[in-house]
Amino acid sequence: MAAWPLALSLMGVSLSAGFTASLVMPFEKFMPIVPGPVMGMVPLVSLSKRELTYHPRFDPARVSMFMMNHTSVFDAGVACWAIKSAFCGIQHAHHFKVPIYGWLMKRGNGIGVEKGQSGQAERIAEQVKDRVRRGISILGFPEGRRTQN
């Protein structure tokens, strides 16, 4: 099936565009313009079944905290399809140590959580306040890893 390689190619284009844009402009400005919409095409070209329902009181212009199940590598594309504004992830801090991916997550203003480390709530809260001040929403996967559900 050609749809999956095309979807993975779109992810590569999005990451490349995001990397390039991150060198010259703030994340909150370029994310909704370049990598977000390109990544948002992944669920479409992969021919994934999709349905999106917003709560009637949801305001897409307001900075928000989003939560979703993490079931596949395409979840970032689904998030970009559903969330039209700039957003970053709250994630395991070890992600930032993964070559290339970690650098992109740092450039994407990700918020790292150290597994099992006490006393980090204040640091995380400060980072969340910074993202809110800059107009960046936050996406988290409550289960903390990919799951079967």
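Coordinates for the structure precede this section.
A brief look at the structure comes next. These numbers were taken from a predicted model, which means no experiment stands behind them.

### A closer look at the side chain of serine 46
Mapping serine 46 onto the fold places it in the loop between helix H4 (42–45) and strand E1 (65–67). A polar contact of 3.3 Å, which involves the side chain of serine 46, links it to the backbone oxygen of proline 43. Here the side chain of serine 46 touches serine 48 through a polar contact of 2.7 Å, side chain to side chain.

### What about the sheet that holds strand E4 (residues 137–140)?
Across a sheet, paired strands are connected by hydrogen bonds in the backbone, their directions being either parallel or antiparallel. Spatial strand order, E1-E4-E2-E3: 4 strands in an open sheet with parallel pairing. Edge positions in the sheet fall to E1 and strand E3 (111–113), since each of these pairs with one other strand and no more. For this sheet, the mean angle separating the axes of adjacent strands, direction not counted, is 25°. Summarising the sheet, E1 and E4 pair through 3 bridges and their orientation is parallel. Residue pairing for E4: methionine 65 is matched across the bridge by isoleucine 138.

### Thoughts on the pairing of strand E2 (residues 87–92)
Bridge analysis of E2 against E4 gives 4 bridges, and the strand direction is parallel. Paired with cysteine 88 across the two strands is isoleucine 138, which belongs to E4. Once you follow E2 into helix H6 (residues 101–107) and on to E3, the crossover reads as right-handed.

### Remarks on the nonpolar core
Formed by 24 residues in total, the largest nonpolar core has its most connected members in Phe27, Met31, Val42, Ala79, Phe87 and Leu139. Among the secondary structure elements, those contributing two or more residues to this core are helix H1 (3–22), helix H2 (27–30), helix H3 (35–40), helix H5 (75–82), E2 and E4. Per-element tally for this core: the top contributor is H1, with 4 residues. Those residues in contact with methionine 31, other than ones at most four positions away along the chain, are Gly36, Pro37, Cys80, Ser85, Ala86 and Phe87.

Definitions and limits used
Residue positions are given per chain, counted from 1 along the sequence in the order it is written. The predicted nature of this model means local features are confined to residues of pLDDT at least 70 and side-chain atom pairs, given and counted, to a pLDDT of 80 or more, with totals for whole chains, interfaces and linings taken over all residues. Side-chain numbers come from the whole structure's heavy atoms, not from hydrogens or water. Helical segments are the DSSP runs of H or I of at least four residues, strand segments are the runs of E of at least two, and each set is numbered from the N terminus. Within 3.5 Å is the distance limit for a polar contact, defined as a pair of N or O atoms, with the added protein rule that one can donate a hydrogen and the other accept it, and that residues adjacent in sequence qualify only through two side-chain atoms. Any two strands with at least two DSSP-identified bridges between them are counted as paired. Lines fitted to C-alpha atoms define the axes, with helix axes restricted to the stretch in contact, and inter-axis angles between N-to-C directions lie between 0 and 180 degrees. Consider the strands pointing away from the viewer: the crossover is right-handed when the path from the first strand over the helix to the second runs clockwise. Nonpolar core, defined: a set of buried Ala, Val, Leu, Ile, Met, Phe, Trp, Tyr and Cys residues in which side-chain atoms within 4.5 Å join the residues together. Burial classes follow relative accessibility: with a 1.4 Å probe on protein chains only, a residue under 20% of its type's maximum area counts as buried, one over 50% as exposed, and anything between as partly exposed. Note on contacts: a residue pair is in contact if any heavy atoms of the two residues lie within 4.5 Å.

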